[in-house]
Amino acid sequence: MVRCWWLAGLLVACAAAEPRCRQQLRHLQDSAGIAARLPPRLEGRWVSTGCEVRPGPEFLTRSYLFYANRLFKALQFYYWDPSCRDPSYSLVIKGKLRLRQASWITRGATEADYHLHKVGIVFHSPKAMREVASWINQTSGEGCRGFLPPGRSWAPGALYEVLSAKTERDCTAALGFAMHELSLVRVERHFQPLLQPQQSGSRLVEELYLGDIHTDWGERLHYRPTGYQRPMQSALHHAHPCPACGIISRADEHHPPILPARAALPMQLSGSWVSTHCEVRPAVLFLTRYFTFHGNNHTWEGHYYHYSDPLCRQPTFTIYASGHYTQGIPSSKVRGGTELAFKVTQARVTPMDQLTVAMLNSSAAGSCGLAGSWSAGVEQDITPTNGCLALGIKLPHTEYELFKTEQDTQERSLLFIGERPTDGSSPDSPDKRPTSYQAPLIQCAAASEEFSNYISLKYVGGKDANGIEALKPLPVAFLLFIALLFLRWD
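Named according to an unreviewed UniProt entry, the protein is APCDL protein originating from Helopsaltes ochotensis. Under the Subcellular location (unreviewed entry) heading, UniProt states for the protein: "Membrane".

Here you go:
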């Protein structure tokens, strides 16, 4: 009898861990009640929800104020540290923004034109002043040399002009500064359920997505975005709790926000992780991700669900990949990050629409699965053809990654994986290792629940492209039924 109770518990646990991750994916496919306003309404203040990491790396927080007359004042606060507690300098950016038409490239986005009137900088330490002055004096044009004479003493709170449309002076290039993020705009609205047990209803949350920053420092000054950065939220309508939102919204260039101290977390990859929303990458890729890491043998599995729309409702193809990863070491370049190497050894592809099917069937023989045999909803193993040339997948290959784990304000575990190169290439060498992060994944199954991934409880479904019967996960009800039968037989 004990044996049967153990088996019943095992089957129930196997059924319970996996659905939490799948439920999150279904929640995303249902768009979680998200509405996008076209054209977007920008009036009001928008703020970062935490410390952001840009390629470089750069650590910053943002506070942007848009007026009804199309003028804006943007504050960017830069820091020495990845917790945004040690300010370096602040930028004050003033200008005008004009929304144009819906983007022809990035579905769901609005294109915009902007004009900068002036940009000022406030230094928060003598070190920051010396460093920035050195950059500008060495790399800027004739009009910027001598921006700050050597030996100039630091004056707390002093504002120095680095760009002026009136005098046609622009000394911002040395800072890697550009506001091209304003050329691509999207505003999303959804309702967050109230967290307190005694409360019912929900609150409005508004998010502002601005264009992404190129991962190559040399390209960022003239890059026109096709993806997004981490979203800002409305200072009035933001998610709760959000300690950083209030701190950043009350800050100014003379009093930069100091975010609350957070305990450093050890890198604990084991378990399953899933996207928190429909993600957008440059070159117009909409996707959700689902990863499982097995810490006992350092193997991993990843599912990449691709879509043709910004709400992830219209699937195009799915990629399943697996392999192993190395022991992580602290990053010497990005404080707070961990460097790992991931080897991808196997992959499978499932086309989900006729356009993708046609593309894969037109691939050269031997370059992507069985030539001419692709059909919608049927998975194929692309390992024998060393990947899939049409989808840019090469097997086997190694990627040099940057990871970070955090806890959000609700004490949920988050996993940040390195940002993909903007040019669509792979971080296949140590010098191409990311210095910034993609949107975070949330943990949906802990390491203790990993055994559900090791035990292959499956039932036979339809046949795949090779004529082999495809395997699908067992339904929860069926698992419970089997468990009850064992109890009765004993």
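Moving on from the coordinates now.
**Student:** Hey, could you run me through the confidence of the model for the protein in this one?
**Tutor:** For any part of a model where pLDDT is low, the fine detail of the predicted coordinates should not be relied upon. Here the protein averages 85 in pLDDT, while 84% of its residues score no lower than 70. A low-confidence stretch, residues 1-8 stays under pLDDT 50, and its non-local contacts, those more than four residues away or across chains, total nine contacts. Ignoring residues within four places in sequence, the model shows residues 10-15, a span with pLDDT below 50, making 14 contacts including any to other chains.

**Student:** Could you clarify how one ought to interpret the environment of E279 in this entry?
**Tutor:** Along the chain, the position of E279 falls in strand β14 (residues 279-281). Expressed as a C-alpha distance, the spacing of E279 and R289, which sit ten residues apart in the sequence, is 8.7 Å. Among the polar contacts listed, one links the side chain of E279 to the side chain of R289, at a separation of 2.9 Å.

**Student:** What's the story with the state of the cysteines in this structure? I'm lost.
**Tutor:** Disulfide: a covalent bond connecting the sulfur atoms of a pair of cysteines. Under the definition given, this model contains six disulfides. Two residues share a disulfide in this structure: C278 and C312, whose sulfurs sit 2.0 Å from each other. Here the disulfide of C278 and C312 is right-handed, its torsion about the S-S bond being about 75 degrees. One end of the pair, C278, is in the loop between β13 (271-275) and β14; the other, C312, is in the loop between β16 (299-307) and β17 (315-325), with 34 residues separating them in the sequence. Take C312: its relative accessible area is 1%, and that puts it in the buried class. Each bonded cysteine of the protein is numbered by sequence order, and under that numbering the disulfide pairs are 1-12, 2-3, 4-5, 6-7, 8-9, 10-11.

**Student:** Help me understand the pairing of β13, please; the structure alone is not making it clear to me.
**Tutor:** Regular strands show a simple pattern: their side chains alternate between the two faces of the sheet. With five of its five residues buried, β13 lies for the most part within the structure. Relative to strand β15 (residues 285-294), β13 runs antiparallel, the two sharing four bridges. If you follow S272 over to β15, its bridge partner there is T292. Note: β13 against strand β25 (residues 441-445), four bridges, orientation antiparallel. When the sheet's bridge partners are listed, V274 is paired in β25 with I442.

**Student:** Looking at this model, I keep getting lost on the packing of aromatic side chains. Mind explaining?
**Tutor:** Geometrically, a pair of aromatic rings is defined through the distance of the ring centres and the angle of the planes. Scanning the entire structure with this criterion turns up 14 aromatic pairs. Seen in terms of ring centroids, F291 and W300 are 6.2 Å apart; in terms of plane orientation they differ by 45 degrees. Their pairing is tilted. When its relative accessible area of 5% is taken as the criterion, W300 is described as buried. Ring centres 6.1 Å apart and planes at 80 degrees place the aromatic pair F293 and F403 in the edge-to-face group. Of this pair, F293 sits in strand β15 while F403 sits in strand β23 (residues 397-407); the two residues are 110 residues apart in sequence, bridging distant segments of the chain. You can call F403 buried: its relative accessible area is 2%. Among the aromatic residues, those joined into a cluster by ring pairs are F291, F293, W300, Y304, Y325, F342 and F403.

**Student:** Would you take a moment to explain helix α2 (residues 126-139) for this structure?
**Tutor:** Three or four residues apart is the spacing at which side chains of an α-helix point the same way, because the helix has 3.6 residues per turn. Look at α2: 20 Å from first C-alpha to last across 14 residues, which is about the 20 Å you get at 1.5 Å a residue. Residues of α2 that are buried: A128, M129, V132, A133 and I136. Projection of α2 onto a plane perpendicular to its axis shows the buried side chains occupying an angular sector of 120 degrees, all on one side. The exposed set on the far side of α2, more than 90 degrees from its buried face, consists of R130, Q138 and T139. Here the buried face of α2 lies against β6 (87-102), β7 (110-123) and β8 (159-164).

**Student:** Can you walk me through unusual backbone geometry in this structure?
**Tutor:** A negative phi holds for most residues other than glycine; trans holds for most peptide bonds. The linkage connecting L38 with the following residue, P39, adopts the cis geometry, with an omega of -5 degrees. With respect to the element layout, P39 can be found in the loop between β1 (35-36) and β2 (44-47). Omega for the peptide link from L395 to P396 comes to -15 degrees, which places this bond in the cis form. In the Ramachandran plot, H298 falls in the positive-phi region, its phi being about 55 degrees despite a non-glycine side chain. Within the fold, H298 resides in the loop between β15 and β16.

**Student:** Got a minute to help me understand the environment of G302 in this structure?
**Tutor:** Summarising the element assignment, G302 is placed in strand β16. For the pair G302 and V344, spaced 42 residues apart in sequence, the C-alpha to C-alpha distance is 10.0 Å.

**Student:** Explain helix α4 (residues 354-361) to me, please; I cannot follow it from the model alone.
**Tutor:** Turning to α4, its buried residues number three or more, namely T356, V357 and L360. Burial along α4 is one-sided: seen end-on, the buried residues are contained in an arc of 105 degrees. Facing away from the buried side of α4, by more than 90 degrees, are the exposed residues Q354 and L355. Contacts made by the buried residues of α4 are with β17, β19 (338-351) and β21 (387-388).

**Student:** What should I look at first to understand the nonpolar core in this one?
**Tutor:** When a protein is soluble and globular, its nonpolar side chains tend to lie buried together. If you look at the biggest cluster of nonpolar residues, it comprises 39 residues, and the most contacted ones within it are F66, L91, I93, I121 and F123. Of all elements in the fold, only β4 (58-66), β5 (71-79), β6, β7, α2, β8, β10 (184-193) and β11 (202-210) reach the threshold of two or more residues within this core. Excluding residues within four positions of it along the chain, F123 makes contact with S88, Y89, A128, M129, V132, F147, L148, W154, A158 and Y160. L75, Y79, A251 and C312 belong to the second-largest nonpolar core, a separate cluster that totals 37 residues.

**Student:** Looking at this model, I keep getting lost on the environment of L182. Mind explaining?
**Tutor:** With respect to the secondary-structure elements, L182 resides in the loop between β9 (169-170) and β10. Separated by 71 residues in the primary sequence, L182 and E111 have C-alpha atoms spaced 8.4 Å apart. Apart from the residues lying within four places of it in its own chain, the contact partners of L182 are F66, F72, L97, A112, Y114 and L210.

**Student:** It is not clear to me how the pattern of salt bridges should be interpreted in this structure. Could you clarify?
**Tutor:** Oppositely charged side chains may form a pair once their charged atoms are brought near each other. One pass over the full model with this rule turns up 18 salt bridges. Here E181 makes a salt bridge to R54, at a shortest N to O gap of 3.0 Å. Here E181, found in the loop between β9 and β10, pairs with R54, found in strand β3 (residues 52-54); they are 127 residues apart in sequence, far enough to count as distant. Here E181 and R54 have matching classes, each one buried. By sharing partners, the salt bridges in this structure join E52, R54, R62 and E181 into a single network.

Each value, and the rule that gives it
- Residues numbered from 1 in each chain as written.
- Predicted model: local features only at pLDDT ≥ 70, side-chain atom pairs only at ≥ 80, totals over all residues.
- Heavy atoms only, no water.
- UniProt positions renumbered as here; feature names shortened; annotations may be inferred.
- pLDDT = per-residue confidence, 0-100.
- Contact = heavy atoms within 4.5 Å.
- Helix = DSSP H or I, 4+ residues; strand = E, 2+ residues; numbered from the N terminus.
- Polar contact = N/O pair within 3.5 Å; in protein donor to acceptor, adjacent residues only side chain to side chain.
- Disulfide = S-S within 2.5 Å.
- Buried < 20%, exposed > 50% of the residue type's maximum accessible area, 1.4 Å probe, protein only.
- Pairing = 2+ DSSP bridges.
- Phe/Tyr/Trp six-rings, centres within 6.5 Å; stacked < 30°, edge-to-face > 60°.
- Expected span 1.5 Å × (residues − 1).
- Arc of directions from axis to C-beta.
- Core = buried A, V, L, I, M, F, W, Y, C linked by side-chain atoms within 4.5 Å.
- Salt bridge = Lys/Arg side-chain N within 4 Å of Asp/Glu carboxyl O.

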